[in-house]
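# Geometric and topological summary
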Amino acid sequence: MTSYPHLLEPITLGNLTLRNRVVMGSMHTGLEDYPWDIDKLGAYFAERARGGAGLIVTGGYAPNKRGWLKPFASEMTTRLQAIRHQRVTGAVHEAGGAIALQILHAGRYGYHPFSVGASSIRSPITPFSPSALSTKAVDKTASDFANAARLAQKAGYDGVEIMGSEGYLINQFLATRTNHRTDRWGGSARNRMRFPVEIVRRTREAVGEGFPIMYRISLLDLVEGGQTWDEVVELAGKLEEAGVTVFNTGIGWHEARVPTIITQVPRAAWASVTARLTEVVDVPVCASNRINTPELAEEIIASGQADMVSMARPFLADPAFVAKALDDRADEINTCIACNQACLDHTFSNRRASCLVNPRACHETELVLMPTLRPATVAVVGAGPAGLAAAVNAAERGFTTTLFEKHAELGGQFRLAMQVPGKEDFADTLRYFTRRLEVLGVDVRTSTEALAADLAAYDHVVVASGVVPRIPVIEGIDHPKAVSYAAVLDGSVTVGKRVAVIGAGGIGVDVSHFLAHDPSETVEDWYAHWGVGDPTLNPGGLTEAKPRTPARDVTLVQRKATPIGIGLGKTSGWAHRAVLKQSGVTQVIGATYDRIDDAGLHITVDGTPRVLDVGHVVICAGQESVRDLYDVLDHRSVHLIGGADVAAELDAKRAIKQGTEVVAAL
Ligand code: FAD
Ligand code: NAP
Ligand code: SF4
């Protein structure tokens, strides 16, 4: 008996039978790009195979050099590369898993001067103008896909995924936005579809019957000039005829200005669109995007919306996702919170991907937590993300662990973060840590402030006492109108209709969103605010966005003269900035704070004094480390981590990483 009978049911794709219907979706981690990382890549996938994933899909490999994502990026073009990949496929098979190679031609998204496209139209997210492929070169490129698939077969892969979505080359051929060709590969919808259909036809010819070909089809392009729904359906039919075994689904091009996977996107937001494809094709369909729990995945399959579910980032967060679901231990899954901070933000800044909640991701052979050979006691002070990671990992290693937290609840600043609209998933991180502490038998002492004397008896002490909000020196800072973000988010202060926010870092932006957000917003409203419409009526699924009705009149102020929010996450910052705009938050830059009094907040901008007539001024002026305990500790083995160590540029990614690393080194 299992709670997930549909999800965990085997499925046959061509000559491959999978043990369950969970696909670990493709993610480019950076380990694909260098031959010397091949065994790290193998270890990373093998850990996910041991953790029960039904089918793993690799990051994207280009079928030729023009298709590179960046200079010298991953490709599958030679026998030598195929032979090297046997180390990856061997590791996965030995761990009981199955793995498919994704073939991805970046087209105009290639971050290099040799990029090519259907037409010579530069994308808004790359600095390079692509050359238009010649008629002959299109033909050759289609054959290169087939060649890459044949090499993948030689390398021992169990299948291939052809990347036809997210705005990469194939998608560029399909949409009038990027295909202005007048030859047989452009013009009518039928001509625009010829390229993917040829790719699949030639790939099938190259790999023979039975070898699974998964095609990632773009269901909603979410860009102007995207495909119509009729075109998507027609394409799916032609691809089936050409030899596709299974459809994976993609939502939105990378240049789309609608968020598709970050935390503020409602969970399973796109499953209903997938259901429309499932209705009209005969081969299995796989749902993807913003699905992060086994319950959701089960529901999608059980309700017939899809036959399989692809989850990518959830496997960075927890390699044993499926094994835990199988054992009915879903409450022990380390859930992906869709923050993008350590995965996509890293990838898009040319750094190796990892995971905020699991810093071992993509570092499996480097950050190793071995059972300890020297039993010892460990005291951890503070149960914010840093202390929670330290306590759980210490107990995992076999140390007898005690966790002190002066508040009644665990979580530190993360408890405040999860109050922000769209960050509700952060609560899952605290659920995970809390449950693991329980399972591992950690002695958790909440409502207990650790004092130096309490710690003397422990072999090791980890101080993770975190941060407190900075109180800036401003005349009138002790006026009743001035309140800390912590008091606003924890509900101890209720602010009125007009409010100013001092400080526009990550927390100032979040607090402005919290204050302006209309709590009655439904999922349907979310689609409407982002201009997502019925794809059968709106090409690309885009329609006119419906304005938000802000709950309050919010003014966000900073001293710097730079645009607000430029330091936010590389792949999510634009969406946070867009929400501020949609919510009518007034942004003031280059301000000096004169005073706070009964009239409100007095500021000077460009030499002109102004008064913001507000009921409250919320202070979001950064943090300061809490070190009072550490400063008086006289202990042989004491370690300082997280915000207590350095408050500047602190985030939960660093806090959890430090908490893990410190314990790995004990
Ligand atoms: P803290 O979270 O400050 O935890 C320290 C803990 O130690 C506290 O619980 C405190 O009570 C306890 N403590 C202190 N002294 C003692 C003692 N003597 N005895 C016992 N207990 C003690 N980060 C991100 O990465 N991404 C985000 O999107 C994000 N959003 C945020 C949004 C908001 C609104 C806020 C407020 C923060 C956000 N953060 C985000 C930041 C993140 O929450 C912090 O970086 C992180 O919590 C710091 O972790 P920490 O463990 O070092 O410290
Ligand atoms: P922060 O990003 O350092 O921002 C602090 C803000 O306060 C700055 O904008 C600064 O702007 C202002 N400030 C600093 N000292 C001041 C003073 N003495 N008087 C008045 N204003 C002052 O810190 P934060 O917003 O508190 O966030 C803390 C951490 O949480 C961040 O490092 C961030 O990584 C993390 N976080 C991340 C996210 C995310 O989405 N990834 C979201 C929230 C928080 P000026 O100096 O220009 O006025
Ligand atoms: Fe998920 Fe954030 Fe980890 Fe990426 S970094 S896998 S989004 S939790």
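The structure this text deals with has already been given above.
Residues numbered from 1 in each chain as written. Chains lettered and ligands numbered in written order. Predicted model: local features only at pLDDT ≥ 70, side-chain atom pairs only at ≥ 80, totals over all residues. Heavy atoms only, no water.

### Let's talk about the site of ligand 1
In the neighbourhood of ligand 1, 38 residues make up the surrounding shell, with Gln-341, Glu-405, Lys-423, Gly-643 and Ala-652 lying closest. Separating an oxygen atom of ligand 1 from a backbone N or O atom of Val-467 is a distance of 3.2 Å. For ligand 1, the accessible surface in isolation is 1,000 Å², of which the surrounding protein chains cover 94%. Of all elements in the fold, only α12 (385-396), α13 (414-417), α16 (485-489), α17 (506-516) and α21 (652-664) reach the threshold of two or more residues within the shell around ligand 1. Of the domains in this structure, domain 2 (377-469 + 624-664) and domain 3 (482-621) are the two that each give at least three residues to the shell around ligand 1. (Near = heavy atom within 4 Å. Polar contact = N/O pair within 3.5 Å; in protein donor to acceptor, adjacent residues only side chain to side chain. Areas by Shrake-Rupley, 256 points an atom, 1.4 Å probe, with all protein chains shown as cover. Helix = DSSP H or I, 4+ residues; strand = E, 2+ residues; numbered from the N terminus. Domains from an automatic or database assignment.)

### Here we look at the side chain of Gln-81
With respect to the helices, strands and loops of the structure, Gln-81 is situated in helix α2 (residues 79-94). The exposure class of Gln-81 is buried, given its relative accessible area of 14%. Within the structure, the side chain of Gln-81 is placed 3.1 Å from the backbone nitrogen of Thr-78, a separation counted as a polar contact. In this structure, Gln-81 is in contact with Glu-75 and Met-76, ignoring residues within four places of it in sequence. (Buried < 20%, exposed > 50% of the residue type's maximum accessible area, 1.4 Å probe, protein only. Contact = heavy atoms within 4.5 Å.)

### Considering unusual backbone geometry
Residue Asp-606 is not a glycine yet carries a positive backbone phi of 50 degrees. Phi is positive for Glu-649, close to 55 degrees, though the residue is something other than glycine. Along the polypeptide, Glu-649 turns up in the loop between β27 (638-640) and α21. The class of Glu-649 is exposed, set by a relative accessible area of 77%.

### A short note on the pairing of strand β22 (residues 591-597)
Sheet topology note: the β22/strand β23 (residues 600-605) ladder contains six bridges and is antiparallel. Bridge assignment links Tyr-593 to a residue of β23, and that residue is Ile-603. Where β22 folds back on β23, the antiparallel hairpin that results is connected by two residues. (Pairing = 2+ DSSP bridges.)

### A few points about the sheet that holds strand β18 (residues 482-484)
The parallel open sheet is built from five strands, whose spatial order is β18-β25-β19-β20-β21. Both edges of this open sheet fall to β18 and β21 (586-588), since each of them pairs with a single strand only. Neighbouring strand axes in the sheet, compared pairwise and without regard to direction, differ in orientation by 25 degrees on average. Where strand β20 (residues 553-557) meets β21, three bridges bridge the pair, whose relative direction is parallel. Looking at the pairing, Val-557 lines up with Val-588 of β21. (Axes fitted to C-alpha atoms, helices over the stretch in contact; angles between N-to-C directions.)

### Observations regarding empty space enclosed by the protein
In this structure the tally under the stated criterion is three cavities of 30 Å³ or more. The computed volume of the largest cavity comes to approximately 90 Å³. Along the walls of the largest cavity sit 16 residues, with Cys-336, Cys-339, Cys-343, Cys-355 and Leu-356 positioned nearest its centre. Along the lines of polarity and charge, the residues of the lining of the largest cavity split into eleven nonpolar, four polar and one charged. (1 Å grid on protein atoms, 1.4 Å probe; cavity = no way out; pocket = protein on both sides within 12 Å on 5 of 7 lines; lining within 4 Å. Points joined across faces, edges and corners; volume = space filled by probe spheres on them. Nonpolar A, V, L, I, M, F, W, Y, C, P; charged D, E, K, R; others polar.)

### A short note on the site of ligand 3
Lining the immediate environment of ligand 3, one finds Arg-313, Leu-316, Cys-336, Ile-337, Ala-338, Cys-339, Asn-340, Ala-342, Cys-343, Cys-355 and Leu-356. Applying the majority rule of atoms within 2 Å of the grid points places ligand 3 in the largest cavity. Classifying every residue of the shell around ligand 3 by side-chain character gives nine nonpolar, one polar and one charged. (Sits in = over half its atoms within 2 Å of the grid points.)

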